[in-house]
Amino acid sequence: RLLMGPVSLGPLRGTIAEAIREALPGIMLQYDQAAIEWSRDEGRINLVILGARMFDAGGRIVAQAPKADIDLAARPFLSGRFVVQRITLVGVQLALVHMADGGLRLGVEADKGGDDIIRKLSDVINRGGGASALQSFAVRDARLAIFDEPTGLFLVAPRAALNMRARGQAIDAGFDADVEISGRRAHLAADLTLPPKEGPISGTLAVTGLDLRSLAANAPKFAALRELAVTLNLTSHFAFAPGGKLAGADFDAAAAGSVPFAMLKGKVLHVRQ
């Protein structure tokens, strides 16, 4: 039967809903139906919820996905209890905002008063075996709209992955996606360490295939790059102090293309590397 599609777990709806509430204290996650399905890629049976929706404290939807995978702790399950350890939203559509103070927020760009759901998820995972048994929260096959408040950049990631998991007292957050900037595509990968409370944020960022002209077309802050027909690969290690102030950064960059150069007869400097 599982080869034909998901099998509904209607009678267990209340039990599963309560397990999710215990895993996400302070965060509302609703769904239409719970089911089990066979995963051909993973070669195993998964517990899934269909029609998943995540809300902020104001009752506004900040993320919705056709499906979410739910991983249960094995030992409690054998004794008849549902304890959620991992939640993965699949095929989600959402907005991710990098705020001016250095934090991350799920929600719409204009919603300045929205909850910092990323911070709430970080706090839930960090608490561990007390208030919640949740060990990780992830998003895959997602379509993201990404807004960077400090620079004004707006990116679209048609297929992205985001993962948050506990590492000691901190949270590791990873992001990997092809992104579109003003119609041009680049690849973006980032790993962040989110400390508890208001500690410094550190991480690495790798960008490949970035056309600098796309930045100029996207945000006024980068207008000076509009004539640079240059493609850039960049790797950076950075740290932000509490409040969003840059504490330090180092980077390696390689580029190729054509740069306007008034001193040359042809007015263009061709850069190979």
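Placed above this text is the structure.
Let me sum up the structure you'll find in this document. (Residues numbered from 1 in each chain as written. Predicted model: local features only at pLDDT ≥ 70, side-chain atom pairs only at ≥ 80, totals over all residues. Heavy atoms only, no water.)

## Comments concerning the nonpolar core
Grouped burial of nonpolar side chains is what soluble globular proteins tend to show. Put simply, the rule is: Take the buried residues of types Ala, Val, Leu, Ile, Met, Phe, Trp, Tyr and Cys, join any two whose side-chain atoms come within 4.5 Å, and each joined set is a nonpolar core. The cut-offs for exposure are 20% and 50% of the maximum accessible area for each residue type, with area from a 1.4 Å probe on protein chains only; residues under the lower value are buried, those over the upper are exposed, and the others partly exposed. In this description, contact between two residues means that some pair of their heavy atoms is separated by no more than 4.5 Å.
One finds Ile16, Ile20, Ile49 and Leu89 to be the most contacted residues of the largest nonpolar core, which totals 64 residues. Filtering out sequence-adjacent residues up to four positions away, Ile20 remains in contact with Leu29, Tyr31, Ile49, Ile70 and Val84.

## Section: the pairing of strand S13 (residues 201-211)
This is how it is decided: Here, strands pair whenever DSSP counts at least two bridges between them. Helical segments are the DSSP runs of H or I of at least four residues, strand segments are the runs of E of at least two, and each set is numbered from the N terminus.
One ladder, built from 7 bridges, connects strand S12 (residues 184-194) with S13; its direction is antiparallel. For Ala190, the partnering residue across the bridge sits in S13 and is Leu205. Bridging between S13 and strand S14 (residues 229-240) involves 9 bridges; their strand directions are antiparallel. The residue bridging Gly203 from the neighbouring strand is Phe238, located in S14.

## Structural notes on the pairing of strand S11 (residues 170-181)
In terms of burial, S11 is largely enclosed, as 9 of its 12 residues are buried. When strand S10 (residues 153-167) meets S11, the two strands line up antiparallel, connected through 10 bridges. Residue pairing across strands places Ala161 opposite Asp176, the latter belonging to S11. Counted along the chain from S10 to the antiparallel partner S11, the turn is 2 residues long, and its residue Gly168 has a positive phi close to 65°. Here 11 bridges tie S11 to S12, and the two strands are oriented antiparallel to one another. Bridging from a neighbouring strand, Ala173 pairs with Leu192 of S12. Hairpin connection, S11 to S12: the antiparallel pair is bridged by 2 residues, and Ser182 has positive phi, about 55°.

## Regarding the side chain of Thr193
Relative to the helices and strands, Thr193 resides in strand S12. Residues within four places of Thr193 in sequence aside, it is in contact with Arg167, Ala170, Ile171, Asp172, Pro200, Ile201 and Ser202.

## Observations regarding the environment of Leu47
Note on placement: Leu47 falls in strand S4 (residues 44-55). On the basis of relative accessible area, Leu47 is assigned to the buried category, the value being 11%. Sequence separation between Leu47 and Pro6 is 41 residues, and the spatial gap between their C-alpha atoms is 9.3 Å. The contacts of Leu47, once residues within four sequence positions are left out, are Leu9, Ile16, Ala35, Ile36, Ala68, Asp69, Ile70 and Leu72.

## Observations regarding the layout of surface pockets
Counted only if it meets this: Here a cavity means grid points, on a 1 Å grid over the protein atoms only, where a 1.4 Å probe fits yet cannot get out; a pocket means an open set of points with protein on both sides within 12 Å along at least five of seven lines; lining residues are those with an atom within 4 Å of a point. Grid points are joined across faces, edges and corners, and a volume is the space filled by probe spheres set on the points. Three classes are used, and their members are as follows: Ala, Val, Leu, Ile, Met, Phe, Trp, Tyr, Cys and Pro are nonpolar, Asp, Glu, Lys and Arg are charged, and the others, Gly among them, are polar.
Roughly 260 Å³ of volume is contained in the second largest pocket. Looking at the second largest pocket, it is lined by 15 residues, and the ones nearest its centre are Ile45, Asn46, Leu47, Ile70 and Leu72. For the lining of the second largest pocket, the elements supplying multiple residues, two or more each, are S4, strand S5 (61-72) and helix H2 (74-78). Considering every element that reaches the lining of the second largest pocket, the biggest residue donor is S4, with 4 residues. Considering only residue class, the lining of the second largest pocket consists of 11 nonpolar, 1 polar and 3 charged.

## Considering the pattern of salt bridges
Our working definition: The term salt bridge refers to a side-chain nitrogen of Lys or Arg lying within 4 Å of a carboxyl oxygen of Asp or Glu.
Summed over all chains, the structure comprises 10 salt bridges. Across the pair Arg53 and Asp32 runs a salt bridge whose closest N-O atoms are separated by 3.0 Å. One end of the pair, Arg53, is in strand S4; the other, Asp32, is in the loop between strand S2 (28-30) and strand S3 (33-39), and 21 residues separate them in sequence. Its relative accessible area of 51% is what places Asp32 among the exposed residues. In this structure, Asp172 engages Arg167 in a salt bridge whose closest nitrogen and oxygen atoms are separated by 3.6 Å. Connected via shared salt-bridge partners are Asp69, Arg140, Asp141 and Arg159.

## Observations regarding unusual backbone geometry
Phi is positive for Asp141, close to 50°, though the residue is something other than glycine. Structurally, the position occupied by Asp141 is in strand S9 (residues 136-148). Backbone geometry places Ser182, a non-glycine residue, at a positive phi of 55°. With respect to the helices, strands and loops of the structure, Ser182 is situated in the loop between S11 and S12.

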